[in-house]
Amino acid sequence: MILVSACLAGVKCRYDGNDNANHKVIEMVKKGLAIPICPEQLGGLETPRIPAEINEDKVINKKGENVSSQFKKGAKETLRIAELVSCYKAILKQSSPSCGYGKIYDGSHTGRIIDGMGLTAKLLSQKGIIILTEEDL
């Protein structure tokens, strides 16, 4: 089974209450080939929510609040789902502090992108799950 970022499947779960709908991901979900997940919602964060970025080893929202515990919880819950469905691959939203793989925002909330991984992408990758982003489709 494949996990996909719910926002890519058209679920309005982004920090701003919108989605990042991707036609290929939506078709995979419709065909039963993929399961949508939103680690940030699984971690207990609301939608909409204050945008957050990784700053060193912490996830800090734009108000300066440390939301690392919610992001860590969401990553662990996503891994639990991955294990339940024998997930071997995930297609995750690039740049996200949860799902970003290879590229994330730099933590300054200025839109600058750097090399790095979101918490969920990192955990899934460490467990041997192949990570792709919407840019790989």
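Scroll up to find the structure this text is about.
Residues numbered from 1 in each chain as written. Predicted model: local features only at pLDDT ≥ 70, side-chain atom pairs only at ≥ 80, totals over all residues. Heavy atoms only, no water.

1. Topic: the nonpolar core
Judged by nonpolar contacts, the single largest core of 14 residues is most densely connected at Leu-3, Ala-82, Ala-90, Leu-92, Leu-124, Ile-129 and Ile-131. Elements with a contribution of two residues or more to this core: α3 (68–84), β5 (89–92) and α4 (119–126). Leave out the neighbours within four places in its chain, and Leu-3 touches Ile-35, Ile-37, Thr-78, Ile-81, Ala-82, Val-85, Cys-87, Lys-89, Ala-90 and Ile-91. One finds Val-4, Leu-8, Cys-13 and Ile-91 within the second-largest nonpolar core, a separate group that totals twelve residues. (Core = buried A, V, L, I, M, F, W, Y, C linked by side-chain atoms within 4.5 Å. Buried < 20%, exposed > 50% of the residue type's maximum accessible area, 1.4 Å probe, protein only. Helix = DSSP H or I, 4+ residues; strand = E, 2+ residues; numbered from the N terminus. Contact = heavy atoms within 4.5 Å.)

2. Quick look at the sheet that holds β5
The strand order across the open sheet built from four strands is β2-β1-β5-β8, with neighbouring strands paired in parallel fashion. The open sheet terminates on both sides in strands that have one partner only, identified here as β2 (34–37) and β8 (130–133). Ignoring strand direction, the axes of neighbouring strands in this sheet form an average angle of 25°. Where strand β1 (residues 2–5) meets β2, four bridges bridge the pair, whose relative direction is parallel. Among the inter-strand pairings, Val-4 is bridged to a residue of β2, identified as Pro-36. (Pairing = 2+ DSSP bridges. Axes fitted to C-alpha atoms, helices over the stretch in contact; angles between N-to-C directions.)

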